Amino acid sequence: MPNAARIALLAVLLLALPARASADEPRGAPASAMGAPASAMYGELSASSMLVVGLMPVAGFGLASALTLRWTSISVLLEQRAIEAFTSHEVQSAGKRSRAWLGAASACYHRDTVFMCSIVQTGPLEMPIPEDAKLAGAPSHWIATAGGRGGADWCVSRRVCIRGFLELHVIPVRPVLSLGSLTLMQTSSFAALAGLGVTLAVGQQ
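Cut-offs used in this document
Residues numbered from 1 in each chain as written. Predicted model: local features only at pLDDT ≥ 70, side-chain atom pairs only at ≥ 80, totals over all residues. Heavy atoms only, no water. Phe/Tyr/Trp six-rings, centres within 6.5 Å; stacked < 30°, edge-to-face > 60°. Lys NZ or Arg CZ within 6 Å of the ring centre and 35° of its normal. Buried < 20%, exposed > 50% of the residue type's maximum accessible area, 1.4 Å probe, protein only. Helix = DSSP H or I, 4+ residues; strand = E, 2+ residues; numbered from the N terminus. Pairing = 2+ DSSP bridges.

Peer 1: What's the story with the packing of aromatic side chains in this structure? I'm lost.
Peer 2: A ring pair, where both rings are aromatic, is described by two values, the distance of the centres and the angle of the planes. Tallying each qualifying case throughout the model produces 0 aromatic pairs. Sitting over the face of the ring of Phe165, Arg149 holds its NZ or CZ atom 3.9 Å from the ring centroid. Over the aromatic face of Phe115 sits the side chain of Arg163, whose NZ or CZ is 5.0 Å from the ring centroid.

Peer 1: What's the story with the pairing of strand 2 (residues 60-70) in this structure? I'm lost.
Peer 2: By the alternation rule, side chains of strand 2 split into Gly60, Gly62, Ala64, Ala66, Thr68 and Arg70, which are all buried, and Phe61, Leu63, Ser65, Leu67 and Leu69, of which none is buried. Looking at chain direction, strand 1 (residues 42-53) and strand 2 are connected through 11 bridges and run antiparallel. Looking at strand 2, one finds that Tyr42 is bridged to Arg70. If you look at the hairpin formed by strand 1 and strand 2, you'll find 6 residues sitting between the two strands, and Gly54 has a positive phi there, around 95°. Relative to strand 3 (residues 74-85), strand 2 runs antiparallel, the two being bridged by 11 bridges. The residue bridging Ser65 from the neighbouring strand is Gln80, located in strand 3. Turn length for the strand 2-strand 3 hairpin, with the two strands adjacent in sequence and antiparallel, is 3 residues.

Geometry only, nothing functional implied.
What follows is the structure in structure tokens.
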């Protein structure tokens, strides 16, 4: 009987050791507990409206659509933008407005609902040109800008968020008009864009 008691005690100890080891293991991150690793990538589709100052001779309004590849704390965005001036400019033909079609690329860092990005954009700027004016230098209507973007998300569900953002750009490449001996820049050296839009997560675990 003493041998049987010892065998029973040894069996209980052997069964208790794996349970204790499992209890001592650190708990996984909440994302892992949900079955989605913290580094999982998913996509975002977004659409936004923008108020634009400095990108054309006068202020304008724009619409944009974007595709984003998003990780936990970083994202990469490709965006199409269409912008139109609110009014015609005195150097332009009466009744016609400047328009721009831009492609933008951005890399962002996210912390909770706040994000900061670097962004570049380029594309053609359509400008009505008076008969007595002409493009100075290289005859190009293209513009190129580089700058920063910051904003925040307000999520109304797990997949849908309202996004607000502000961008500040420098404009190193822009068209120039010459009107006799007068040279007229068709954009400012700096531009600002304020936007509000909606994002939809696609493929999120």
